[in-house]
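Structure at a glance
Okay, here's what each chain looks like letter by letter:
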Amino acid sequence: GAIVIAYQRASGLGIRQAKVLLASIPMTAVANIDSLTTFNSSYDEIEIYGNGLMPSATDTLAFRFAIGGVVDTASNYYENLINSNSATSTTSMRLGSGATVLNPGRGVSFHITLLNINGSATMKVADYSVTYQSAATPTFTNATFASTYVATGAISGIRFFWTGASNFVASGQILIYGIKNS
């Protein structure tokens, strides 16, 4: 059998509480996939899983955060491949390193962990990995990022979009989980 170990604080609360499903978003043929008010102060961190997302034409997937339900399009994003640095701000974070998701193809899948979402004056961190078909041969691209978001205010949600203004194809799904405060 398995051995399960649990830790408790003096308060009786566990060190890490449960992962809670906050949203399950099936893809539809729209330009933006929004979940702008899903995050709240009940959660220390957020995990987002995307599986099989497709653009209507070959394009690059990106995301932006919302504060108070309003999408932040300012230059508050610093995207970094693992073991690199960035001194240049951008207006979004790309799920890919400049390459594009092929259509037709097998789409893009990713896992994003958001840390410090409730920080009002501190940086928020987005750790994410992504895999997508980038050429017809087929060729698959994998990338891992540790990026920073520096806007003030707690993050309330997220918007996914294609940088070349493609629509999403009605295939794939995004799942958003909250990790409860302990």
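Placed above this text is the structure.
Residues numbered from 1 in each chain as written. Predicted model: local features only at pLDDT ≥ 70, side-chain atom pairs only at ≥ 80, totals over all residues. Heavy atoms only, no water.

**Topic: the sheet that holds strand E12 (residues 173–180)**
Spatially, the 7 strands line up as an open sheet ordered E1-E12-E3-E8-E9-E10-E6, and their pairing is antiparallel. Either end of the sheet is taken by a strand with one partner, and the two such strands are strand E1 (19–26) and strand E6 (77–78). (Pairing = 2+ DSSP bridges. Helix = DSSP H or I, 4+ residues; strand = E, 2+ residues; numbered from the N terminus.)

**Structural notes on the pairing of E12**
Where E1 and E12 come together, 7 bridges link them in antiparallel fashion. By the bridge assignment for E12, Lys19 is matched with Ile179.

**Focus on the environment of Thr28**
Inspection of the secondary structure assignment puts Thr28 in the loop between E1 and strand E2 (32–35). For the pair formed by Thr28 and Gly172, sequence separation is 144 residues and the distance between their alpha carbons is 8.9 Å. Ignoring anything within four residues of it in the chain, the contact list for Thr28 reads Ile33, Phe168, Val169 and Ala170. (Contact = heavy atoms within 4.5 Å.)

**Considerations on the nonpolar core**
Counting 36 residues, the largest nonpolar core has Ile48, Phe63, Phe65, Phe110, Phe160 and Ile174 as its most contacted members. For this core, the elements supplying multiple residues, two or more each, are E1, strand E3 (43–53), strand E4 (61–67), strand E8 (108–115), strand E9 (124–135), strand E10 (139–149), strand E11 (157–162) and E12. If sequence neighbours within four positions are ignored, Ile48 has contacts with Phe39, Phe110, His111, Ile112, Leu114, Ile158, Phe160, Ile174, Leu175 and Ile176. (Core = buried A, V, L, I, M, F, W, Y, C linked by side-chain atoms within 4.5 Å. Buried < 20%, exposed > 50% of the residue type's maximum accessible area, 1.4 Å probe, protein only.)

Taken by themselves, the reported measurements are silent on function.
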